[in-house]
Amino acid sequence: MTEPLLETRALSRNFGALAAARDINFRLEPGARHALIGPNGAGKTTFINLLTGVLQPTEGQVFLKGHDITGVAQAQRVKLGVARTFQINRLFRGLSVLENVYIAVAERLGAAPSMVVPAGQRGDVVEEAMQLLEMLKLADDAGHRISELPYGRQRLVELAIALGLKPEVLLLDEPAAGVPSAESHIILDAVAALPKHIGVLIIDHDMDLVFRFAERITVMVSGAIFAEGTPREIGANPEVRAVYLGQAGHG
Amino acid sequence: MSVTTSASAHPAALALAGRHRVRWWEAIPWILALAFFFAFPRNLGFGTDLLVTILFALSLDLALGYAGIVTLGHAAFFGAGAYTVGILAHEGIWTEPITSLILAACVAAFIGLASGLVLLRTTGLTLLMLTLCTMGLLEESANMGAAYTGGFDGLPSLPIPPLLGLFEFNPLYPKTQYLYVLAVLFICFVFTRTLVYSPFGQSLTGIRENTLRMHAVGAPVRARLVICYTISAAMAGIAGGIWAQANAYVNLSTLGLERAATVLIILVLGGYGRLYGAFIGAVAYMALSHFLARVYPTAWQLGLGLLLVLIALFARNGILGLWDSLRRRLRRKRAS
């Protein structure tokens, strides 16, 4: 068995009496297309926050390529290759689309502490940011402010910022949330076109997206892993259908 | 749609690459400042005061306007600079103007660094109150330590030797002071302008726009804020130091809430997060208070307060923000 890209062992997190994450043993393989599903309040976002270092676990450990990163701070984990997007847009709203991506790329390339050279003269950063925008078909909006964009395109910028960090592990927290269904295919296409070597974990309620995208699915219920398997196995699992898929109205 | 062109030739990339270039109108404030020198030789005292205020507001703009550090205690650094110059000169330790100013910047920067390391762990209202407290502590220290600071009376008639050994500081005809402050303001402005257009400046605006996202892109947010706060404090210290030199005295007014609040009002009035907001705001504030004081000598601050309410309600981005939206509207009209 190959070494997992990201792994958690007996990961738990309590908020007072509430166990938001309970004894989670999870593996994300290199190049994985893995989905995490579960009813509202199952602890999916808490799990992402534990993986990215926003929250510290009450118990258990997180490993990245075999190294214990449990005590590593959020910004440091980003440098190690763990990036995420947010369920609700967290963008630099007053800045242009290009500047949004520029900020992420500049951090990764170590350009950000520089105080003398004008930002636009760092050709390497600008070039890479523009290439990302072209890849996501955002180039035409590069000069627009975030607040001028429709929500669907803002979601793409959310993805562009994460990709600007050149992650090895990409955690997508409901990438298509709040996007009108007519536009959600843009997000789906972008997710499908992600570089193959990135290990992707996607959280979503949209079963079409999950079953189209994922090669492996983990189901979370009440803070614990309820079931895990291939889409076919999960789709055929009567218990999963009872607690989740049935509720979601998928026959 | 052409896809073959290089990404960096995209209009947005070109705009970003060229945004730091000096525009023709950027010469206007400096030409006006020089014109003022020749046109109003009797009002150079007022002019000097105005330039110092612009410098102080510029320092606040770096922290508040660019990095989004909400502070109500920026006069702490102005006062630290002023008292550094004042005490050194009064005790006869060091009087040479330019090096004193550098020392003032160092002292203010040190206080900015030390307080920033603690304060910048907080945000919002907590930060606002803590900056106010820091300034209060310094003010009270200056009040209590009368042996060095002169207490409530301050330090009068500081011996300031001629600038570069050539130009006398004449309190009645402050030609030297005016040009000296103008030169220092220019240097500080060029420095600030370079900084805000740099990748570092871009990351500061990122922190202002969305701190949580900056953490998520791997930025050392607190370190960046502390560096910015320290630089801003140093510049405020220079403003305070040069104020002390130009006036040849120091008193508690350099450290008080009134000065901190005034500079905040000036920045909001002019438009924060824009390099020239400090200039426009200071000129507008000084001109307005001068005018209102003449028309309503007893209640001139009422007019100022009303104006501030109007700005807060209808022009959140100050005078420069109004100008921007006006221009945008005109352009849209022309386009349609």
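My aim in this report is to walk through the structure given alongside it, one point at a time. (Residues numbered from 1 in each chain as written. Chains lettered and ligands numbered in written order. Predicted model: local features only at pLDDT ≥ 70, side-chain atom pairs only at ≥ 80, totals over all residues.)

1. Comments concerning the overall build of chain B
If you tally the helices and strands in chain B, you get 15 helices and 0 strands. Here chain B has a C-alpha radius of gyration of 21 Å; the compact-globule value for 336 residues is 20 Å, and the two agree. Seen through its C-alpha atoms, chain B measures out along the principal axes to roughly 75 × 45 × 45 Å. Counted over contacts in chain B with a minimum sequence separation of 6, partners at least 24 positions apart contribute 76%. (Helix = DSSP H or I, 4+ residues; strand = E, 2+ residues; numbered from the N terminus. Rg over C-alpha atoms; globule rule 2.2 N^0.38 Å. Contact = placed C-beta atoms within 7 Å.)

2. Details of the overall build of chain A
In terms of helices and strands, chain A carries 9 helices and 10 strands. Computed over its C-alpha atoms, the radius of gyration of chain A comes to 18 Å, within 12% of the 18 Å expected for a compact globule of 251 residues. Seen through its C-alpha atoms, chain A measures out along the principal axes to roughly 55 × 40 × 40 Å. Nonlocal contacts in chain A, meaning residues at least 24 apart in sequence, comprise 66% of its contacts between residues at least 6 apart.

3. Details of the sheet that holds strand β1 (residues 6–15) of chain A
All names here are of chain A. What the 4 strands build is an open sheet, ordered β2-β1-β4-β5; its pairing is antiparallel. With one partner strand each, in any of the chains shown, β2 (18–28) and β5 (67–68) form the two edges of the open sheet. Bridging between β1 and strand β4 (residues 59–64) involves 5 bridges; their strand directions are antiparallel. Directly across from Ser12, in β4, lies its bridge partner Glu59. Along the sheet face, helix α1 (residues 44–52) touches β1, β2 and β4 and points at about 60 degrees away from the line of β2. (Pairing = 2+ DSSP bridges. Axes fitted to C-alpha atoms, helices over the stretch in contact; angles between N-to-C directions.)

4. Details of unusual backbone geometry
Residue and element names in this part refer to chain A. Its identity as a non-glycine residue notwithstanding, Lys137 has a phi of 55 degrees, on the positive side. Position of Lys137 relative to the elements: it lies in the loop between α4 (123–135) and α5 (151–163). The phi angle at Lys166 is positive, at roughly 45 degrees, despite the residue not being glycine. Structurally, the position occupied by Lys166 is in the loop between α5 and β7 (169–173).

5. Quick notes on the environment of Gly281(B)
Residues and elements named next belong to chain B. Examined against the element boundaries, Gly281 turns out to sit in helix α13 (residues 277–295). Accessibility expressed as a C-beta count within 10 Å gives 28 for Gly281, which makes it buried. Taking the C-alpha atoms as reference points, Gly281 and Leu320, 39 residues apart in sequence, are found 8.9 Å from one another. (Buried ≥ 20, exposed ≤ 12 C-beta atoms within 10 Å, placed from the backbone.)

6. Quick notes on the interface of chain B and chain A
Size of an interface, as often reported, equals the accessible area lost when the parts are brought together. Between chain B and chain A, the contact holds 32 residues from the first and 42 residues from the second. Counting residues per element, the ones that place at least two in the side of chain B that touches chain A are α1 (11–18), α8 (175–197), α9 (199–209) and α10 (211–216) of chain B.

7. Section: the pairing of β7(A)
Residues and elements named next belong to chain A. With 5 of 5 residues buried, β7 lies mostly within the body of the structure. Burial along β7 is two-sided: the face carrying Val169, Leu171 and Asp173 and the face carrying Leu170 and Leu172 are both buried. The pairing of strand β6 (residues 82–85) with β7 spans 4 bridges and is classified as parallel. In the strand pairing of β7, Val82 is matched with Val169. In the sheet, β7 pairs with strand β8 (residues 199–203) via 5 bridges, with the strands oriented parallel. Bridged to Leu172 within β8 is Ile202. Crossover handedness for the path β7 to helix α6 (residues 181–192) to β8: right-handed. (Right-handed = clockwise from strand over helix to strand, strands pointing away.)

Without other data, these values stay purely geometric and don't point to any function.
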